[in-house]
Amino acid sequence: EAGVTQFPSHSVIEKGQTVTLRCDPISGHDNLYWYRRVMGKEIKFLLHFVKESKQDESGMPNNRFLAERTGGTYSTLKVQPAELEDSGVYFCASSQDAVLAGGFLWQFFGPGTRLTVL
Amino acid sequence: AQSVTQLGSHVSVSEGALVLLRCNYSSSVPPYLFWYVQYPNQGLQLLLKYTTGATLVKGINGFEAEFKKSETSFHLTKPSAHMSDAAEYFCAVKRSARQLTFGSGTQLTVLP
């Protein structure tokens, strides 16, 4: 079974440019999450999808960030325009339906995308 | 609200020595606690988890953690460090059905 995959692994862009990160969850996982770690600090929650619907986007920092999950499969996270403070590692995770998994939150994480904004 | 504090952003141990990574939590409800590890150039991998039941939890690669409610701690230990254990370790608590709250991470260096 393939794990959560993310593309690209690294991205270096200039301030003001646009970047799109992609996440492919584990097949069959309806829940998809985005997290990010900025400047070696703690990993923080950004948002959560159930299938194609956003369930919780309370962690999205501002309107320069747009997450989509069309068709309920892979997800993209677009940053437009990118700012210096957006540099960090963006993690994606997925999990099965909470009810099927006994109400537990077993999140499987991808390798992350390291974003550097110059 | 749930939160996690990891004491020590960097820990160095000699190969063969005890590994002890500290994690204290704050939770208004019985916590679900996790330790994740990130090896260089890899993703976050679940080491072990505590939900209910036995307070001593065994994980992969010889790691274990003990849930101590009285001390609000969930420290990670391994009796004998191996070079391959060098990585960054994250403690996390389930904040809600949808969110994990992570600590700031501890970088473990294993010295030959």
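## Comments concerning the overall build of chain B
Of regular secondary structure, chain B possesses zero helices and 11 strands. For chain B, the succession of helices and strands along the chain, N to C, is β-β-β-β-β-β-β-β-β-β-β. Computed over its C-alpha atoms, the radius of gyration of chain B comes to 13 Å, within 12% of the 13 Å expected for a compact globule of 112 residues. A separation of at least 24 residues holds for 56% of the contacts in chain B among residues at least 6 apart in sequence. Counting only carbon and sulfur atoms, one obtains 52% of the accessible surface of chain B, whose full area is about 5200 Å².

## Things to note about the interface of chain A and chain B
On the side of chain B, 21 residues touch chain A, which itself brings 21 residues to the contact. Interface of chain A and chain B: buried area, both sides summed, is about 1700 Å²; carbon and sulfur atoms make up 60% of it. Seen at the junction of chain A and chain B, the total is one salt bridge. Glu 88 of chain B is paired through a salt bridge with Arg 37 of chain A; the nearest N and O atoms lie 2.7 Å apart. At the boundary of chain A and chain B, one finds six residue pairs in polar contact (both at pLDDT 80 or more). Secondary-structure elements contributing two or more residues to the side of chain A that touches chain B are β4 (31–37), β5 (43–50) and β6 (53–56) of chain A. Residue composition of the side of chain A that touches chain B, by class: 10 nonpolar, seven polar and four charged.

## Quick look at the pattern of salt bridges
All chains considered together, the criterion is met by nine salt bridges over all chains. The shortest N-O distance in the salt bridge between Arg 64 of chain A and Asp 86 of chain A comes to 2.5 Å. Residue Arg 64 of chain A is located in the loop between β6 and β7 (65–68), and its partner Asp 86 of chain A is located in the loop between β8 (75–79) and β9 (88–95); the two are separated by 22 residues in the primary sequence. Residues Arg 64 of chain A and Asp 86 of chain A agree in their burial class; the two are buried. A salt bridge links Lys 78 of chain B to Asp 85 of chain B; the nearest nitrogen and oxygen atoms lie 2.9 Å apart. Per residue, the accessibility class of Lys 78 of chain B equals that of Asp 85 of chain B, and both read buried. In the salt-bridge network here, residues are joined through shared partners; they are Arg 36, Arg 64 and Asp 86 of chain A.

The rules we used
Note that residues are indexed from 1 along each chain, following the sequence as it is written. For this description, chains carry letters from A and ligands carry numbers from 1, given in the order in which they are written. For this predicted model, a pLDDT threshold of at least 70 governs which residues receive local features, and a threshold of 80 or more governs which side-chain atom pairs are given and counted, while totals over whole chains, interfaces and linings are taken from all residues. Computation of side-chain values: all heavy atoms of the structure, hydrogens and water removed. Comment: elements are numbered from the N terminus, with helices defined as DSSP H or I runs of at least four residues and strands as E runs of at least two. Radius of gyration here uses only the C-alpha atoms, and the compact-globule reference equals 2.2 Å multiplied by the residue count raised to the power 0.38. The contact rule is simple, with two residues in contact once any of their heavy atoms fall within 4.5 Å. The protein chains shown are the only cover counted for residues, whose accessible areas, like all others here, come from Shrake-Rupley with a 1.4 Å probe. A 1.4 Å probe defines the accessible area here, and the buried area is the portion of it lost by two parts on being joined, summed over both. One side-chain nitrogen of Lys or Arg within 4 Å of one carboxyl oxygen of Asp or Glu is enough to make a salt bridge. N or O atoms within 3.5 Å of each other form a polar contact, as long as, within protein, one can give a hydrogen and the other can take it, and as long as residues adjacent in sequence are counted only when both atoms are side-chain atoms. Here the nonpolar group is Ala, Val, Leu, Ile, Met, Phe, Trp, Tyr, Cys and Pro; Asp, Glu, Lys and Arg are the charged ones; every other residue, Gly included, is treated as polar. Summary of the burial criterion: residues with accessible area below 20% of their type's maximum are buried, those above 50% are exposed, and those between are partly exposed, where the area comes from a 1.4 Å probe applied to protein chains only.

It is worth stressing that arrangement in space is one thing and function is another; only the former is reported here.
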